[in-house]
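Observations on the model geometry
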Amino acid sequence: MRSRVIRLILLCAGLAVGCRPAPSGTPAGVAVPPEALAAIDTASFMARIRALADDSMLGRGPGSLGEDRTVAYLTGQLQSLGLAPGNTDGTYIQKVPLVGITPQDQPVLRFAKGARAISLKWHDDFVAWTKHVADQAKLDRSDLVFVGYGIEAPEFKWDDFKGVDLAGKTMVVLVNDPPLADTTQFGGRAMTYYGRWTYKYEQGMKHKAAGVLIVHETDRAGYPFSVVQGKTGEQFDLVTPDKNMSRSDIEGWITLDQARALFTLAGQNFDTLKARAAAREFTPVPLGVTASVTITNKLRTVDSRNVVARLEGSDPALKDEYVVYSAHWDHFGVGLPVKGDSIYNGAYDNASGTAGLLMLARAFKAMPTPPKRSILFLSVTAEEQGLLGSQYYSVAPIYPLAKTLADINMDEINKWGPTKDLTVIGLGASELDDYAAQAAGEQGRTLRPDPEPEKGSYYRSDHFNFAKQGVPAFNPGVGVDFVGRPTGWGLQRLEEYTSTDYHNPSDEIRPDWDMRGGVDDLKLFLTIGYRVAQADKFPEWRPGNEFRATREAMLKR
Ligand SMILES: [Zn+2]
């Protein structure tokens, strides 16, 4: 699939207009109204980012005063543009019921073997929580079992559990997929869903484990332990009928150093067992060590909000069909201070994407005639808590997903200047890539696959919930080939951002931000959505894509 896309890019490169990708029926030459393109400019874009990333927004934490202010700002903006309320009840709000769970005090995690024991310090050595909607959950001398990568993938004939009984026990598990020389297994260098930490906890639940402790390794997780430490405060979840009691009692992470100490206590060697886990023959290893920890919760329920606006399509026969643009408005609110700053402004993540959504709303509204199909502007909550707002929309959609042609999601928009390329996370997944390749070609740019596929980014933002339900979803990243910059400069900026500012209070607007590249990207997203809204047919997943069957079943009904 990838080679087809790349060939397409080569064909398109350098051609200003009229480059038609042969196979997919992309409406080539459908000109985007110039008024719409002109409505996207760096000054207005920057002004909106500034408003959203301002200290007065208090880091846009769900269920906080920061949420109230953010929702008021977004609603005001959409209203003043003259866009219709997106909800059928006549409001711009879709309520998202959440439960907020805050661990109290500073619990101690104790590993014991006979008379010997080690105690791990909260925040520094481990981070843990319970998702149970209950006052307390604990591990009481729960037997630790090392389960390698904790993966069951029949298609790769891979089973790390091999029938082990984990009921009441605590699994110690590695993050990411097993690193294999055979790149046809799992995603090669790309992380699959099996590698994601959310999957590891789902496995704990499936095997009725009392606890799940993931060993943190910076290179394998894709981010430093400081990002995990961000989970020491209030965490949210969607309210479920069973109050999350089917989940493991305790979920958490331990540092690599503490994992080594634990394996030493067990009379084992971490590196030896880790190496063994990278093979099919691996079998679970009872460590002969127990874990104890008690976590006491403070609970509250919150009606958080997705903000949603709608531009009605101009074709009476097609206006009940939708193209969705999404971006999460939330960030981490006010939390543990880092270098004296406790406001997690999330300027890049995701004031930039949210401002981008407002710019697209403005652009569509500037069209002399709206597109044939309707456009939905969906600003979702609680992405940072596990994609919760978009999950809620995807299971309780306001407009049927079978009539939703595509989701175009924005999470972090390029702040480093113009690029010659655009990264598409999961490039090759659907025909939306043809639209993107064409629009990029018209800008004299090219598409490229994720330069860091090992981070599993396809599973890490809101478009994934649309994809899971079958709706073709487009998730752009940031180009890495910057105009006038040496090779490698862009990747360096990305790495710097991940290691210093990502999910930290220092994610703030800096004087050197250059939004010209971001504006190019927004115009490209505008072009994709406009053409999909005008197209003769729905975009499809490529044959072989994991979400294609779900979509076909949905459209048949
Ligand atoms: Zn984000």
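Residues numbered from 1 in each chain as written. Predicted model: local features only at pLDDT ≥ 70, side-chain atom pairs only at ≥ 80, totals over all residues. Heavy atoms only, no water.

1. Here's the deal with the packing of aromatic side chains
Rules: Aromatic contacts are taken between Phe, Tyr and Trp rings whose centres are within 6.5 Å, Trp giving its six-membered ring; a plane angle under 30 degrees counts as stacked, one over 60 as edge-to-face, and the others as tilted. Every helix listed is a DSSP run of H or I at least four residues long, and every strand listed is a run of E at least two residues long, numbered separately from the N terminus. Exposure categories follow from relative accessible area, calculated using a 1.4 Å probe and restricted to protein chains: below 20% of the type maximum is buried, above 50% is exposed, and the middle band is partly exposed.
This model, assessed by the stated rule, comprises 31 aromatic pairs. For the ring pair Tyr223 and Trp253, a centre distance of 6.4 Å and an interplane angle of 65° mean the geometry is edge-to-face. You can see Tyr223 sitting in the loop between helix H6 (218–221) and helix H7 (225–229) and its partner Trp253 sitting in strand S12 (residues 250–254), a full 30 residues away along the chain. Given the relative accessible area of 7%, Tyr223 is considered buried. The class for Trp253 is buried, based on a relative accessible area of 1%.

2. Section: empty space enclosed by the protein
Formally: The method works on a 1 Å grid over the protein atoms by themselves. A cavity is a set of points holding a 1.4 Å probe that cannot get out, a pocket is an open set with protein on both sides within 12 Å along at least five of seven lines, and residues with an atom within 4 Å of a point line them. Grid points are joined across faces, edges and corners, and a volume is the space filled by probe spheres set on the points. Under the scheme applied here, ten amino acids are nonpolar (Ala, Val, Leu, Ile, Met, Phe, Trp, Tyr, Cys and Pro), four are charged (Asp, Glu, Lys and Arg), and all others, including Gly, are polar.
All told, the structure shown has three cavities of 30 Å³ or more when counted by the stated rule. As a volume, the largest cavity reaches approximately 60 Å³. Taken together, Ile101, Pro103, Trp129, Thr130, Lys131, Gln235, Phe236, Asp237, Ile295 and Asn297 form the lining of the largest cavity. Sorting the residues of the lining of the largest cavity by element identifies strand S2 (93–103), strand S11 (235–238) and strand S13 (285–311) as the ones contributing at least two each. In terms of residues, the lining of the largest cavity owes the most to one element, S11, which gives three residues. For the lining of the largest cavity, the per-class residue count stands at five nonpolar, three polar and two charged.

3. Considering the pattern of salt bridges
Think of it this way: side chains of opposite charge can pair up when their charged atoms draw near. Basically, it comes down to this: Any carboxyl oxygen of Asp or Glu within 4 Å of a side-chain nitrogen of Lys or Arg constitutes a salt bridge here.
Within the structure shown, the criterion is met by 24 salt bridges. For the salt bridge of Arg531 with Glu442, the shortest nitrogen-to-oxygen distance reads 3.1 Å. Taken together, the positions of Arg531 in helix H15 (residues 516–534) and Glu442 in helix H12 (residues 432–442) put the pair 89 residues apart, joining distant regions of the chain. We classify Glu442 as partly exposed; its relative accessible area is 25%. Between Arg510 and Asp501 there is a salt bridge; the shortest N-O distance is 3.2 Å. Using a relative accessible area of 8% as the deciding quantity, one classes Asp501 as buried.

4. Considerations on the confidence of the model for the protein chain
We apply this condition: On a range of 0 to 100, pLDDT expresses the predictor's confidence in each residue. We call two residues contacting when some pair of their heavy atoms lies within 4.5 Å.
The predicted model of the protein chain averages 92 in pLDDT, with 95% of residues at 70 or higher. Throughout residues 1–24 the model reports pLDDT below 50, and contacts reaching past four residues in sequence, or to other chains, amount to 35 contacts.

5. Observations concerning the coordination of the zinc ion
As a reminder of what qualifies: With water omitted from the atoms examined, metal sites may look incomplete; donors here are N, O and S atoms no farther than 2.8 Å from the metal, or 3.2 Å in the case of Na, K and Ca. Just to be clear on the cut-offs, tetrahedral is four donors with all angles between 85 and 135 degrees, square planar is four donors and octahedral six with opposite donors over 155 degrees apart and all others between 65 and 115, and anything else goes down as irregular.
In the first shell of the zinc ion, the protein supplies His328 (NE2), Asp349 (OD), Asp411 (OD) and Asp411 (OD), at 2.0 to 2.6 Å from the metal. One way to put it: the four donor atoms around the zinc ion meet at angles of 54 to 155°, and that makes the site irregular. In primary sequence terms, the donor set of the zinc ion follows H-x20-D-x61-D. With a gap of 62 residues between them, Asp349 in helix H10 (residues 347–365) and Asp411 in the loop between strand S18 (404–409) and strand S19 (421–425) connect regions that are remote in the sequence. Since its relative accessible area comes to 3%, Asp349 is described here as buried. Exposure remark for Asp411: the relative accessible area of 15% places this residue in the buried category.

6. Brief notes about the side chain of Ser390
Put simply, the rule reads: Polar contacts, as counted here, are pairs of nitrogen or oxygen atoms within 3.5 Å of one another; within protein the pair requires one atom able to donate a hydrogen and one able to accept it, and residues that are adjacent in sequence qualify only if both atoms are side-chain atoms.
With respect to the helices and strands, the residue Ser390 is situated in helix H11 (residues 388–395). At 3.2 Å, the side chain of Ser390 and the backbone oxygen of Leu387 are in polar contact.

7. Looking at the nonpolar core
As a reminder, the rule being used: Definition of nonpolar core: a set of buried residues of the types Ala, Val, Leu, Ile, Met, Phe, Trp, Tyr and Cys, connected through side-chain atoms within 4.5 Å.
With 95 residues, the main nonpolar core has Trp253, Tyr325, Phe377 and Phe525 as its most contacted residues. In terms of residue count, the dominant contributor to this core is H10 (11 residues). Of all hydrophobic cores here, the second largest spans 64 residues; its members include Ala153, Val308, Val380 and Phe466.

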